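The residues making up each chain are set out below.
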Amino acid sequence: MFAEQLVLEGLLSGAVYGLVGGGFTLVLGVGRIANFAHGAFVAAGLYWAVFAQDQFGVNPYLALGPGLAFFALIALGTAELFERRGRQVGEIGELLIGLALLLVINGLLEALYTDSPRTIRDFTLGGVPVFGFTVYGTQIAAAAFTFAVAAGIYLLIRASRWGRALRAVAEDPLAAGLHGIRVPATQRAAVALSIVLAAAAGIVISPFTTIYPQIGTTFLITAFAVVIVGGIGNTFGALLAGLGIGVINSLAGGYLASYWTTLAPLILILAFILVRRERGVTA
Amino acid sequence: MSAAQLGRRWPWIGLLCFFAAAWFALGAVSASELSLLVLAFYYGLAGSSFSFLYGTVGIFSLAQPVFLAVGGYTGVYLYTQYGISPWLSILISMALAALLALPMGFLALFRGGTIMTALVTLIVAEAVPPILAAIKPLGGSVGLYLNLQPGSNLAAMQFSGALPFARLFLLGNVAVIGFFMLFKRSRFGLWAAASRDSPAAAGACGVPVLRIRLAIFVGSSMIAALAGLVYAQYNLLVNADLFLGATTLFQVVVVALVGGAARPWGALVGAILVTELSYYLTQAASGRPGISPLTFAGVFLVIAILAPRGLSGTWERWATARIRRGPRRPAAAATVPGPPSAGAPDRAAQAEPTADVEREHRR
């Protein structure tokens, strides 16, 4: 029974990892940018929910719509910054911008909210008893949101004209450009979408997450693990990898010492790097 | 001495003058300013380990704090458990850092690419605190503390004030800057530059690219271990937070990049600027928490946007452009072709990863 509980818990948290990693795989695969601030945008989403509750008394789900609009604006500006630096300085310029944004967001959150952990107060969607323990409604809502977003992105990439452009740019930007695809605009869109997804993930998981300014770095590492295991640029692989990593983390935390939850993704990443599985689990 | 000889030697003369002036000036500053300078010199030395790695072979490693922790833990552990002097522990910690750097460097460089290396090293750095917390002989999450000796004890590297530590860090900075300047002009340095600029071409010419990168990764880890050991002695304690805390993890890289990571002086310039700025802004904000990391981040963002080569890199580029342009002359005379400027520095020595990427991008 204990193992089933751990697996279920792992699947629920893995769905969140999949959502965070899905955005990161887009930006790495299509935008070809290692946005170090990806996890920090998840943290910004979490604090958006805190801000909405503190200032307006609204729950995170009501804050989601305005949050998406706000982060879409931020994302467009950030994508433009990445694009401009990339054009002028190259890969290292983008890396510096990502790192600087990560530090600025962390610093701002710490200056505004201090480094004391926060939670969303007095908000629940009830719970469902499964395998002898309670799965909270907010966790189910987050998992449902993840699957809905993953399905939406999958359809968008597979069936739409814009999705074909994304795939073409991910495959070969030069050839895509020669076929008339506006490569910079497509890359900007991928970066912006990934940032909005990261912030959305933060807002959706806020009801059951302990929130602190540096949580973004943890999410960045999880996202990287998901991308390496799932394959760069592969959103379906990211979802599968997220679920797998969630289960492994949960089992490691349940049966081994607590620090194994941190070490498990690291060992997975190193193993995948060493065996050189370029396309991840879906290969 | 001819003007050309003097021109070649002026960086060394400048370094020696700086060392002498700073050595004596440190004796005259106030206690609070001295502790600030210890911090700046520590970041300068730690940042130099990153600069050495990034400036010579273009490896963007975020694992330098791990080697700082190796140095810190080795010195404190050996002294508290076996009474081994920290001076001797410097060598041991450097050897341990080198041993750890070999497999870590291999993993980080295995797949190649700046992004992959940066992410892998970041993950390694993030994995270390929980491991340290689980090792009981190293004090778990609390860490290890040094017993305070009365007065100064040279053998135990404990002093009654901050001045000896400031001078020790100053000496370390000057030594590393000098080594960096020598290295860039050595045969090994030129191989490293070739490996950085075009690994494929360097490999085709017989340069052992992976071995050079690994060797420099190991060398930079040893510099970091030295900085970590002295800093732990200064603080009389060592724990994961001191080197690998959420805010301290990136500061080593930030100071180097703000100052100009490809330049020998870059890390020290960046460390002094950012540390001083951070201190005075925190004072201005009445000690409000979060201002210090925000200052580091803000300065870094501005530099990343406006001057990705860092302060010293941008200044050097501006000065080089001025030398090449030469003195202002009438329009008619400017059209007459002349010999290249004697003051123009060697391009191979001035090259840096950012400029190479830029050239590649334009091509």
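## What to know about the overall build of chain B
And step 1. From N to C terminus, chain B includes 17 helices and two strands.
And step 2. Across the 363 residues of chain B, 48% fall into the buried class.
And step 3. Within chain B, contacts between residues at least 6 apart in sequence are counted, and of these 76% link residues at least 24 apart.

## Re the overall build of chain A
And step 1. A count of helices and strands for chain A gives eleven helices and two strands.
And step 2. Traced from its N-terminal end to its C-terminal end, chain A shows the element sequence α-α-α-α-β-β-α-α-α-α-α-α-α.
And step 3. Considered along the principal axes of its C-alpha atoms, chain A spans approximately 60 × 45 × 35 Å.
And step 4. Burial statistics for chain A: of 283 residues in total, 56% are counted as buried.
And step 5. Of the contacts formed within chain A by residues at least 6 apart in sequence, a portion of 78% connects residues at least 24 apart.

## Observations concerning the packing of helix α3 (residues 64-82) of chain B against helix α9 (residues 209-235) of chain B
Residue and element names in this part refer to chain B.
And step 1. Axis separation between α3 and α9 bottoms out at 6 Å; the angle between their running directions is 50 degrees. Between α3 and α9, the crossing angle belongs to the class labelled oblique. Every pair of crossing elements has a handedness; the one defined by α3 and α9 is right-handed. Here α3 contributes Q64, F67, L68, A69, V70, G71, G72, T74, G75 and V76 to the contact with α9, which in turn contributes S221, A224, A225, L226, A227, G228, L229, Y231, A232 and Q233.

## Overview of the interface of chain A and chain B
And step 1. Opposite the 32 residues of chain A that make contact, chain B presents 38 residues.
And step 2. Only α4 (91-113), α9 (215-230) and α11 (260-275) of chain A provide two or more residues apiece to the side of chain A that touches chain B.
And step 3. Top element by residues in the side of chain A that touches chain B is α4(A). It accounts for 15 residues.
And step 4. Considered class by class, the residues forming the side of chain A that touches chain B number 22 nonpolar, eight polar and two charged.

## Here we look at the nonpolar core
And step 1. Counting residues in hydrophobic clusters, the biggest one holds 209 residues, and the most contacted among them are A:A100 and B:F300.
And step 2. Counting residues per element, this core draws most heavily on α9(B), at 17 residues.
And step 3. Contacts of B:F300, omitting those with residues within four sequence positions, involve A:A100, A:L103, B:V254, B:L257 and B:V258.

## Examining the pairing of strand β1 (residues 127-130) of chain A
Residues and elements named next belong to chain A.
And step 1. As paired elements, β1 and strand β2 (residues 133-136) share four bridges and run antiparallel to each other. Paired with P129 across the strands is T134, a residue of β2.
And step 2. Here β1 folds back onto β2, and the loop between the two strands holds two residues, one of which, F131, carries a positive phi near 50 degrees.

## A short note on the environment of B:L237
All names here are of chain B.
And step 1. Within the fold, L237 resides in strand β2 (residues 237-238).
And step 2. Along the backbone, L237 and F50 are 187 residues apart, and their C-alpha atoms lie at a distance of 24 Å.
And step 3. Ignoring anything within four residues of it in the chain, the contact list for L237 reads G143, L144, Y145, L146 and A232.

## Describing helix α13 (residues 291-306) of chain B
And step 1. Between the first and last C-alpha of α13(B) there are 22 Å, a value that for 16 residues agrees with the 22 Å anticipated at 1.5 Å per step.
And step 2. Summarising burial for α13(B): 13 of the 16 residues are buried, a large majority.

## Concerning the environment of A:F219
All names here are of chain A.
And step 1. Take F219: it is sitting in helix α9.
And step 2. The exposure class assigned to F219 is buried, which follows from the 26 C-beta atoms found within 10 Å.
And step 3. As a C-alpha pair, F219 and A176 span 43 residues in sequence and 32 Å in three-dimensional space.
And step 4. Those residues in contact with F219 that sit more than four places away from it in its chain are V20, G39 and V42.

## Describing the environment of B:L88
And step 1. Examined against the element boundaries, B:L88 turns out to sit in helix α4 (residues 86-110).
And step 2. Between the alpha carbons of B:L88 and B:N173 there is a distance of 20 Å; along the sequence they are 85 residues apart.

## Side note on unusual backbone geometry
Glycine aside, the phi torsion of most residues is negative, and most peptide linkages are trans.
And step 1. Of note, the phi angle at A:T114 is positive, near 60 degrees, even though the residue is not glycine.
And step 2. Along the polypeptide, A:T114 turns up in the loop between α4 and β1.
And step 3. We note that B:M157 has phi near 50 degrees; this positive angle belongs to a residue other than glycine.
And step 4. Structurally, B:M157 is set in the loop between β1 (144-145) and α6 (163-185).

## Some points on the confidence of the model for chain B
Residues and elements named next belong to chain B.
And step 1. On average, residues of chain B score 82 in pLDDT, and 88% of them reach the 70 mark or higher.
And step 2. The model gives residues 332-352 a pLDDT under 50, and that stretch makes 23 contacts with residues more than four places away or in other chains.
And step 3. Overall, residues 354-363 carries pLDDT values under 50, and its contacts beyond four positions in sequence, including any with other chains, amount to 14 contacts.
And step 4. Predicted complex metrics record ipTM = 0.76 and pTM = 0.82.

Definitions and limits used
- Residues numbered from 1 in each chain as written.
- Chains lettered and ligands numbered in written order.
- Predicted model: local features only at pLDDT ≥ 70, side-chain atom pairs only at ≥ 80, totals over all residues.
- Helix = DSSP H or I, 4+ residues; strand = E, 2+ residues; numbered from the N terminus.
- Buried ≥ 20, exposed ≤ 12 C-beta atoms within 10 Å, placed from the backbone.
- Contact = placed C-beta atoms within 7 Å.
- Axes fitted to C-alpha atoms, helices over the stretch in contact; angles between N-to-C directions.
- Parallel < 35°, antiparallel > 145°, perpendicular 65-115°, else oblique.
- Left-handed = near helix turned anticlockwise from the far one by under 90°.
- Nonpolar A, V, L, I, M, F, W, Y, C, P; charged D, E, K, R; others polar.
- Core = buried A, V, L, I, M, F, W, Y, C linked by C-beta atoms within 7 Å.
- Pairing = 2+ DSSP bridges.
- Expected span 1.5 Å × (residues − 1).
- pLDDT = per-residue confidence, 0-100.

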